[in-house]
Amino acid sequence: MTAFIEAAAERIVRTTGITRGHCLVLGCFTGRLAHELEKRTELQICGIEPDPKKARAARAALDAAGLYGARVVVEEGNPAQAPFSDYFANLIVSEEALLSGKMPAAAKEALRMLKPLGGTICIGQPATSATQGDKESSLDETAMQKWLAEAGIDGGRIVKEDG
């Protein structure tokens, strides 16, 4: 799984060019995506994970790596009621979508937290043959379009390139 998430983090940074500011990880799962983004950027990273066990495990893994609390935090809670301010996130990503193939909950809430004029939501899965067994399923373009519509994003685009 590590190579898969490393490839995803690398692709997020290369695609968005966002290396400073604040990042929101919807569905933090293992905390590994936050860890890999922390290594590649200067972002302050906030994760939200609804599953208490996954939130505790992500915090423990990040703490063991010496990252938790300095530039990375993980909140346990419902993404539809995220405890973060309006327009704080320069970048929004999802480890949940990356690993499970499911779009994260609360599209409207994600849009509420996205910084206007330059904020970017980057959700996807890289195509790497060595990691096909690492993800449960692939993201569905129809589900992504539905998520964009739910958020009220008219100018959003779905790019299918290398995953």
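Residues numbered from 1 in each chain as written. Predicted model: local features only at pLDDT ≥ 70, side-chain atom pairs only at ≥ 80, totals over all residues. Heavy atoms only, no water.

Turning next to the pairing of strand 1 (residues 22–26). Judged by how many residues are buried, strand 1 sits mostly within the fold: 4 of 5 residues are covered. Bridge count for strand 1 against strand 2 (residues 44–49) is 5 bridges, and the pairing is parallel. In the strand pairing of strand 2, Leu24 is matched with Cys46. Here 4 bridges tie strand 1 to strand 4 (residues 91–94), and the two strands are oriented parallel to one another. (Buried < 20%, exposed > 50% of the residue type's maximum accessible area, 1.4 Å probe, protein only. Helix = DSSP H or I, 4+ residues; strand = E, 2+ residues; numbered from the N terminus. Pairing = 2+ DSSP bridges.)

Further remarks concern the pairing of strand 2. On a regular strand, each side chain points to the face opposite its neighbour's, so the side chains alternate between the two faces of the sheet. Burial within strand 2 is extensive, with 5 of its 6 residues counted as buried. Handedness of the crossover is the feature at issue here: the chain leaves strand 1, passes through helix 2 (residues 32–40), returns alongside strand 2, and the resulting connection is right-handed. The pairing of strand 2 with strand 3 (residues 72–76) spans 5 bridges and is parallel. Residue pairing for strand 3: Glu49 is matched across the bridge by Glu76. Handedness of the β-α-β unit built from strand 2, helix 3 (residues 52–64) and strand 3 comes out right-handed. (Right-handed = clockwise from strand over helix to strand, strands pointing away.)

What follows deals with the layout of surface pockets. Considering only enclosed or pocket space, the largest pocket measures out at about 1100 Å³ in volume. Surrounding the largest pocket, 37 residues form its lining, Ile123, Met144, Arg157, Ile158 and Val159 being those nearest its centre. If you list the elements that add at least two residues to the lining of the largest pocket, you get helix 1 (2–16), strand 4, strand 5 (120–121) and helix 6 (141–151). Ranked by residues supplied to the lining of the largest pocket, first place goes to helix 1 with 5 residues. Tallied by class, the residues present in the lining of the largest pocket amount to 19 nonpolar, 11 polar and 7 charged. (1 Å grid on protein atoms, 1.4 Å probe; cavity = no way out; pocket = protein on both sides within 12 Å on 5 of 7 lines; lining within 4 Å. Points joined across faces, edges and corners; volume = space filled by probe spheres on them. Nonpolar A, V, L, I, M, F, W, Y, C, P; charged D, E, K, R; others polar.)

Moving on, we come to the confidence of the model for the protein chain. Per-residue confidence for the protein chain gives a mean pLDDT of 88; residues scoring 70 or more make up 93%. Here residues 129–134 scores under 50 on pLDDT; set against residues more than four positions off or in separate chains, the count is 5 contacts. (pLDDT = per-residue confidence, 0-100. Contact = heavy atoms within 4.5 Å.)

For the rest of this paragraph, the subject is the state of the cysteines. Applying the stated criterion across every chain, the model contains 0 disulfides. In this structure Cys28 is a free cysteine whose sulfur lies 9.2 Å from that of Cys23, the closest cysteine sulfur available. Here Cys122 is not cross-linked by a disulfide; its sulfur's nearest cysteine counterpart is in Cys23, at 9.7 Å. We classify Cys122 as buried; its relative accessible area is 18%. (Disulfide = S-S within 2.5 Å.)

If you walk through the whole model with that rule in mind, you get 8 salt bridges. For the salt bridge of Lys39 with Glu36, the shortest nitrogen-to-oxygen distance reads 3.3 Å. Of this pair, Lys39 and Glu36 both sit in helix 2, 3 residues apart, which is roughly one turn of the helix. Taking the relative accessible area as the measure of exposure, Lys39 reaches 48% and is therefore partly exposed. For Glu38, the salt bridge goes to Arg71, with nearest N and O atoms at 2.9 Å. Residue Glu38 is found in helix 2, and its partner Arg71 is found in the loop between helix 3 and strand 3; the two are separated by 33 residues along the sequence. Residue class for Glu38 comes out buried when judged on its relative accessible area of 15%. With relative accessibility at 22%, the residue Arg71 sits in the partly exposed group. One network of salt bridges, in which partners are shared, links Glu10, Arg32, Glu36, Lys39 and Arg40. (Salt bridge = Lys/Arg side-chain N within 4 Å of Asp/Glu carboxyl O.)

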